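As a plain string of letters, each chain reads:
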Amino acid sequence: MSEITSAEWTAILLSLRVAVIATLVATPFGIALAWLLARYNFWGKSALDALVHLPLVLPPVVTGYLLLLALGRRGLVGAWLADNLGIVFAFRWTGAALACGVMSFPLLVRPIRLSIEAIDRRLEQAASTLGAAPWKVFATITLPLALPGILAGMVLGFAKAIGEFGATITFVSNIPGETQVISSAIYSLIQTPDGDAAAARLVIISVVIATAALIGSEWFARRATQRLHGN
Amino acid sequence: MNRLAGIFVALFALAGATLPAAAQEKIITVFAAASVKNALDDIDAAYTAKTGVKITVSYGPSSGLAKQIEQGAPADVFISADTDWMDYAISKKNINESSRLNLLGNTVVLIAPKDSKVENVNIAPGFDLAKLAGDGKIATGDVKSVPIGKYAKAALEKLGSWQAAEPKFAMADNVRAALTLVARSEAALGIVYSTDARIEPGVKVVGTFPADSHPAIIYPFAATITAKAETADYLAFLRSTAAKNIFEKYGFKFLLSPTT
Amino acid sequence: MLRVDIAKKLGEFSLEASFTSEGRVTGLFGASGAGKTSLVGMIAGLLRPDRGVIALDDEILDDTDKAVHVPPHRRRIGYVFQDARLFPHMNVAQNLDYGRRMNRLPDDGAQKERVSDLLDIGHLLDRRPGKLSGGERQRVALGRALLSKPRLLLLDEPLGSLDEGRKVEILPYLVRLRDEANVPMVYVSHDAAEMRQLATQIVMLRNGRVTALGGVKVLSGTTA
């Protein structure tokens, strides 16, 4: 197997950056949504739940296209953002991060929600009798106890983000150095007559990254669960 | 809680570290028809060696590229494989019209996998493409939008072979994807440019479409209206003798006289 | 001094209670299902009465007429639960320190030592709740509530989940608590023997109504 070329490195680093940013930015929103869905009943809750899971069932290209319509340079919100705040998502790595974040969101929210639902509310009650205001209960009791779920969600989300293709290529296309992530690079390479070797290298690297993420999360989750059981 | 925050900060830092230092480098972004890939790569390498300016190219079907530019993609240069898509981009007010150069020409050929039994096809009115393909598929770009597909369909319609052959077509994303299908023997035949056939040892040319069977193949080159200042120099280089030699080496016709 | 005058509908049955606590330990005595835990929940602020007033030392904690409800975290009322409810992700020392931190009280090493000695938990500080016995957990729960410096301490059947041996072991700690901790307590139990040892005043609850109010003699004639 020959050396990894500079173009391939660019795709790898870009994928990592996009997936990490997507996951980090999505996580607070994921925790908030999970909390809302786990703890409250309100009018429109099923609609919200469905909306959160939409990227899971819509064809990825459709999600990408909807992002383009809304946030493209000439999109509903995108035009305003570009003209007034100079923020552009389409065809930028930030757009790739956004597409990956949106696609991985349902996978992020689910484990967190389950984790929060499993928390013994009586512990939260005990905390409030000890003087903890609601946000402090959340920060010192709920969040730490939900940690295994949060980590599991983040890893699933990261894995999805790193492998995302359809929405990404539709929203931000395939510009080397800017939006050509690993999956798009592989897609281009397998269409090129002599691209098979490079494609194979990238495939192996994808597998390595995904495996590392899974192993890392297992370790984290196991430690967090041990703490949960008071060990 | 602090642990979680710590992990977050570390990951953000990691992400930031992967940011390319390219902010300081000059980069010109080119959106180019897939068929110019090998030639343009060589020319770009020469240009970077000469000026230090890096060229990033997004290769794809001219149709897809034109639509992305319309949507605000950050291209400095657009190289289309037909005039339709350049005209489209101009109509959407994305192109600096005065910079337009109808620079290259090409030929459409019929190809087959290297070890195919098909040989020496005479492409003339009445030639039976469908029969030639047998049970196999005919690969080319999407006939509705991709330039090579449009040329192919126009030619076949003129020759009277389109209707019978249409059900056997495998429409690929762009011409190089079609080329790869034939090289892998996934398709029995393919319709690509002669310049593509030349760089792929896995295929052989079995016939050439007469130039009058389809609209003239013209590759317009132009700068976009958002092009960086450095683009003018790059476009001038594409019209230089050095560039001409490289394009012709790969089999393109150079339609203009070089300016340097 | 605790003043309770409330009514609440709880599913099938309704609870009405009106009493004032005096002295060290007010015992809430009655059979299971009499409404004791709900009553104590309302004193803590975890539950809201349908109607009525709850006041502690002249501060109104609940007043349904005026729509006043002080949330639990602002009442400075400690609660020892029957199931201890120690935080599993913290060790004993961190559990004990939780109330002080949440109430933003200054570090009081002397008090920590006193409570540790009182409840004999000093040697458990580095342990995690999962590695404690039932009796140890209950003592840590007591210490945790105490160290939050509450104005009133609620204990809801703290010995209920322990076996006879453990109960005998812990009861003296509770007596010491009463005598040395200097904080009024409301003690819930269905065990008359415990009550006789600990309480200075009895509120007897039956089917959601206060049926007797007075000194410990009120328990005479009750078995168990």
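Remember, predicted model here, so these are calculated numbers, not experimental data.

Draft legend 1. Structural context of the interface of chain A and chain C. With 19 residues of chain A at the contact, the number on the chain C side is 22 residues. Listed by contribution, the elements that provide at least two residues to the side of chain A that touches chain C are helix 6 (121-129), helix 7 (134-163) and helix 10 (196-228) of chain A. Of the residues forming the side of chain A that touches chain C, the biggest block, six residues, is contributed by helix 6 of chain A. Within the side of chain A that touches chain C, the residues separate by chemical class into nine nonpolar, seven polar and three charged.

Draft legend 2. Focus on the environment of Glu230 of chain B. Residues and elements named next belong to chain B. The topology assignment puts Glu230 in the loop between strand 10 (219-224) and helix 10 (231-238). Taking the number of C-beta atoms within 10 Å as the measure of exposure, Glu230 has 15 and is therefore partly exposed. Taking C-alpha positions, Glu230 is 38 Å from Ala10, a pair spaced 220 residues apart along the chain. Leaving out residues up to four positions away in the same chain, Glu230 has contacts with Lys26, Ile28 and Val53.

Draft legend 3. Quick look at helix 6 of chain A. Of the positions making up helix 6 of chain A, those classed as buried are Gln125, Ala126, Ala127, Ser128 and Thr129 of chain A. Of the surrounding elements, those touching the buried residues of helix 6 of chain A are helix 7 of chain A together with helix 1 (36-44) and strand 7 (77-80) of chain C. Once helix 6 of chain A ends, the next one or two residues include Gly131 of chain A, with phi positive near 100 degrees.

Draft legend 4. Local environment of the packing of helix 4 (residues 134-146) of chain C against helix 5 (residues 164-180) of chain C. Residues and elements named next belong to chain C. Contact geometry of helix 4 with helix 5 gives a least axis separation of 10 Å together with a crossing angle of 15 degrees. Taken together, the axis directions place helix 4 and helix 5 in an arrangement best described as roughly parallel. Judged by the twist between their axes, the crossing of helix 4 over helix 5 is right-handed. Taking contact as the criterion, the partners of Gly134, Gly135, Gln138, Arg139 and Leu142 in helix 4 are, on helix 5, Arg166, Glu169, Ile170, Tyr173 and Leu177.

Draft legend 5. Fine view of the confidence of the model for chain A. Confidence along chain A averages 89 in pLDDT terms, with 97% of residues attaining 70 or more. Helix 10 of chain A is the least confidently modelled element of chain A, averaging 83 in pLDDT, while helix 6 of chain A averages 95, the highest of any element.

Draft legend 6. Inspection of the pairing of strand 4 (residues 95-105) of chain B at higher detail. Residues and elements named next belong to chain B. In the sheet, strand 4 pairs with strand 10 via five bridges, with the strands oriented antiparallel. Bridge assignment links Leu104 to a residue of strand 10, and that residue is Tyr219. Two elements, strand 4 and strand 11 (residues 253-254), share two bridges in a ladder whose sense is antiparallel. Residue pairing in the sheet places Leu104 in a bridge with Phe254 of strand 11.

Draft legend 7. Spotlight on the arrangement of the chains. Among the two pairs of chains in contact, the pair with the most contacts is chains A and B. The two units chain B and chain C are non-contacting; their minimal C-alpha-C-alpha distance is 11 Å.

Draft legend 8. Expanded view of the nonpolar core. Of all hydrophobic cores here, the largest spans 201 residues; its most connected members are Val18 of chain A, Val77 and Phe78 of chain B together with Leu154 of chain C. Looking at which domains feed residues into this core, each of domain 1 (2-104 + 218-254) and domain 2 (108-213) of chain B gives three or more.

Draft legend 9. Inspection of the interface of chain A and chain B at higher detail. At the interface, 25 residues of chain A touch 28 residues of chain B. Elements supplying a minimum of two residues to the side of chain A that touches chain B: helix 1 (6-39) and helix 7 of chain A. For the side of chain A that touches chain B, the element with the highest residue contribution is helix 1 of chain A, accounting for six residues. Looking at the side of chain A that touches chain B residue by residue, the class counts come to 15 nonpolar, seven polar and three charged.

Draft legend 10. Fine view of the sheet that holds strand 10 of chain B. Residue and element names in this part refer to chain B. Strand order in the open sheet formed by six strands is 2-1-3-10-4-11, with mixed pairing between adjacent strands. This sheet does not close on itself; its edge strands, each paired only once, are strand 2 (54-60) and strand 11. Direction of pairing for strand 3 (residues 77-79) relative to strand 10: antiparallel, over a ladder of three bridges. Opposite Val77, over in strand 10, you have Ala223 as the bridge partner. Packed on one face of the sheet, helix 3 (residues 62-70) meets strand 1 (27-33), strand 2, strand 3 and strand 10 and runs near 135 degrees to strand 1. Where helix 10 meets the sheet, it contacts strand 1, strand 3, strand 4 and strand 10, and its direction lies at approximately 165 degrees from that of strand 10.

Parameters and conventions
Residues numbered from 1 in each chain as written. Chains lettered and ligands numbered in written order. Predicted model: local features only at pLDDT ≥ 70, side-chain atom pairs only at ≥ 80, totals over all residues. Contact = placed C-beta atoms within 7 Å. Helix = DSSP H or I, 4+ residues; strand = E, 2+ residues; numbered from the N terminus. Nonpolar A, V, L, I, M, F, W, Y, C, P; charged D, E, K, R; others polar. Buried ≥ 20, exposed ≤ 12 C-beta atoms within 10 Å, placed from the backbone. Axes fitted to C-alpha atoms, helices over the stretch in contact; angles between N-to-C directions. Parallel < 35°, antiparallel > 145°, perpendicular 65-115°, else oblique. Left-handed = near helix turned anticlockwise from the far one by under 90°. pLDDT = per-residue confidence, 0-100. Pairing = 2+ DSSP bridges. Core = buried A, V, L, I, M, F, W, Y, C linked by C-beta atoms within 7 Å. Domains from an automatic or database assignment.

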